[in-house]
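Structural features, examined
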Amino acid sequence: MKHVLTFMMLALLGASGALAQIAVKIVPEKKTFLTGEANYMRLTVTNNSGTPVELKSREYSSWLDIHVEHTTGGAMLPQSRFAVFPPLNVPAGMSVSRKIDLRHFYNLSREGNYHVQAVVKMPNEKDMFASQKALFSIRTGTPMWSQTVSIPRSVKKCKFSVCTIPERGIQKLYIQTRDPETGVAYNAVCVGSWLGTTRPQCLIDGKANVHVFFPTTPTLCAYARINYRGMMEKLQYFKKVVGMPSMVFLPDGSVRVTGAEHYDPTVQPKAVPDASVVPGM
């Protein structure tokens with residue numbers, strides 16, 4: 001009954017928001033996220049009034065509430081941590097946006113579809129304005145490789161997994177880091193588009209870093225290095241030269257890409273001058 005009353009209140013707030021002085025909008029950064037990946041939402045607050053609005057939290061009351069529900073059964077998820085958001089100043093007639101990672105407040109390890117809704121509380125703590133409900137999905141992805149490694153100078157271990165999920169018809173390659181005891185992914189990083197013609201090559205070095213090398217186009221490959229914390233330390237691109245490029249270990253334990261030359265996609269190739277404008281031609 002409590003959930004029913006809560007959703008009825010949010011529905012009424014959302015219905016009146018279009019005519020209110022404050023408009024709230026929340027949009028997922030993308031439609032599909034991998035388990036463990038940062039679940040970024042873009043919150044936008046628009047001040048349609050003639051005076052600036054300063055939104056501030058108090059010790060036990062935040063100016064912003066974010067509600068998440070799993071579409072199966074429509075049950076609202078409990079917060080794993082209470083969120084007190086920093087102040088937000090919205091000038092009159094202006095919109096201000098903020099990016100929020102839902103992982104900090106909710107356990108989103110369960111695969112499926114979710115709804116998210118934002119509710120803004122005004123300084124008088126009486127007026128509230130709700131956003132629309134936005135839909136996003138959590139997927140586990142298709143596993144391609146995994147290995148458990150020992151963390152240096154620690155009794156703990158981590159499990160690296162390489163998997164893919166389709167995004168707008170393109171296969172995206174991810175590297176997940178998991179707790180091998182619980183199986184929960186505590187981070188996931190997208191390292192780029194995967195061509196799909198050749199399986200990624202994966203190596204583990206002595207510092208518990210995973211090195212992944214994979215094709216992104218028929219002529220380009222990508223190299224990524226991820227540490228056991230799940231943070232990407234390096235992402236480089238290489239252009240094929242002869243044969244099939246690959247990674248190899250050097251005597252000092254480092255990893256090197258062979259059979260390809262480094263390629264920087266941000267550098268524009270030099271244009272070849274037309275013969276008619278070259279001096280002396």
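Everything below is about the structure shown above.
Residues numbered from 1 in each chain as written. Predicted model: local features only at pLDDT ≥ 70, side-chain atom pairs only at ≥ 80, totals over all residues. Heavy atoms only, no water.

Turning to the overall build of the protein chain, a few remarks are in order. Scanning the protein chain from terminus to terminus reveals one helix and 21 strands. Intrachain contacts of the protein chain at a sequence separation of at least 6 include 53% that bridge at least 24 residues. Surface exposure of the protein chain reaches about 16,100 Å², of which carbon and sulfur atoms provide 56%. (Helix = DSSP H or I, 4+ residues; strand = E, 2+ residues; numbered from the N terminus. Contact = heavy atoms within 4.5 Å. Areas by Shrake-Rupley, 256 points an atom, 1.4 Å probe, with all protein chains shown as cover.)

What follows is about the environment of E29. Tracing the chain through its elements places E29 in the loop between β1 (22–28) and β2 (32–34). E29 gets classed as partly exposed once you look at its relative accessible area, which sits at 49%. Between the alpha carbons of E29 and I100 there is a distance of 9.8 Å; along the sequence they are 71 residues apart. When sequence neighbours within four positions are dropped, the list of residues in contact with E29 reads Y40, M41 and K99. (Buried < 20%, exposed > 50% of the residue type's maximum accessible area, 1.4 Å probe, protein only.)

Of note in this structure, R153 is not a glycine but carries a positive phi near 55 degrees. With respect to the element layout, R153 can be found in the loop between β11 (142–150) and β12 (157–167). Note on R153: relative accessible area 85%, which makes it exposed. For R168, which is not glycine, the phi dihedral falls at a positive 55 degrees. In this fold, R168 is placed in the loop between β12 and β13 (170–178).

A few words on the layout of surface pockets. Taken as a whole, the largest pocket spans an internal volume of roughly 260 Å³. Lining the largest pocket are 17 residues; nearest its centre among them are G36, L108, S109, V184 and A185. Of the residues belonging to the lining of the largest pocket, the class tally is seven nonpolar, seven polar and three charged. (1 Å grid on protein atoms, 1.4 Å probe; cavity = no way out; pocket = protein on both sides within 12 Å on 5 of 7 lines; lining within 4 Å. Points joined across faces, edges and corners; volume = space filled by probe spheres on them. Nonpolar A, V, L, I, M, F, W, Y, C, P; charged D, E, K, R; others polar.)

So, about the pairing of strand β20 (residues 255–258). Regular strands place side chains that alternate from one sheet face to the opposite one. Residue alternation in β20 divides its side chains into a buried set, V255 and V257, and an unburied set, R256 and T258. The sheet contact formed by strand β19 (residues 246–249) and β20 spans four bridges and is antiparallel. Residue pairing across strands places V248 opposite R256, the latter belonging to β20. Taken together, β19 and the strand that follows it, β20, pair antiparallel across an intervening segment of five residues, in which G253 is found at a positive phi of about 95 degrees. (Pairing = 2+ DSSP bridges.)

Moving on: the packing of aromatic side chains. Counted according to the given criterion, the structure contains five aromatic pairs. Note on F33 and F136: the rings are 5.9 Å apart at their centroids and 85 degrees apart in plane angle, and the pair reads as edge-to-face. On the criterion of sequence distance, the pair formed by F33 in strand β2 and F136 in strand β10 (residues 134–139) is long-range, its members being 103 residues apart. Relative accessible area serves as the criterion here: at 0%, F33 is assigned to the buried category. Between K99 and the ring centre of Y40, over which it is positioned, the NZ or CZ distance is 4.4 Å. (Phe/Tyr/Trp six-rings, centres within 6.5 Å; stacked < 30°, edge-to-face > 60°. Lys NZ or Arg CZ within 6 Å of the ring centre and 35° of its normal.)

Our focus in this paragraph is the side chain of H70. On the secondary structure map, H70 appears in strand β5 (residues 64–70). For H70, a relative accessible area of 4% corresponds to the buried category. Within the structure, H70 has its side chain in polar contact with the backbone oxygen of E111 (distance 3.4 Å). Among all residues touching H70, those that are not within four sequence positions of it are A75, L77, R110, E111, G112, N113 and Y114. (Polar contact = N/O pair within 3.5 Å; in protein donor to acceptor, adjacent residues only side chain to side chain.)

In this section: the environment of K157. Within the secondary structure layout, K157 lies in strand β12. Placed 21 residues apart in sequence, K157 and R178 show a C-alpha to C-alpha distance of 9.1 Å. Excluding its chain neighbours within four sequence positions, the residues that come into contact with K157 are T148, V149, S150, I151 and P180.

Moving on: the pairing of strand β18 (residues 232–240). Looking at chain direction, strand β17 (residues 220–226) and β18 are connected through seven bridges and run antiparallel. Within β18, the residue paired with Y223 across the bridge is Q236. The loop that links β17 with its antiparallel partner β18 comprises five residues; one of these, G230, has a positive phi angle of about 90 degrees. Judged from the four bridges that link them, β18 and strand β21 (residues 260–263) form a sheet pairing that is antiparallel. Note on β21: the bridge partner recorded for K240 is A260.

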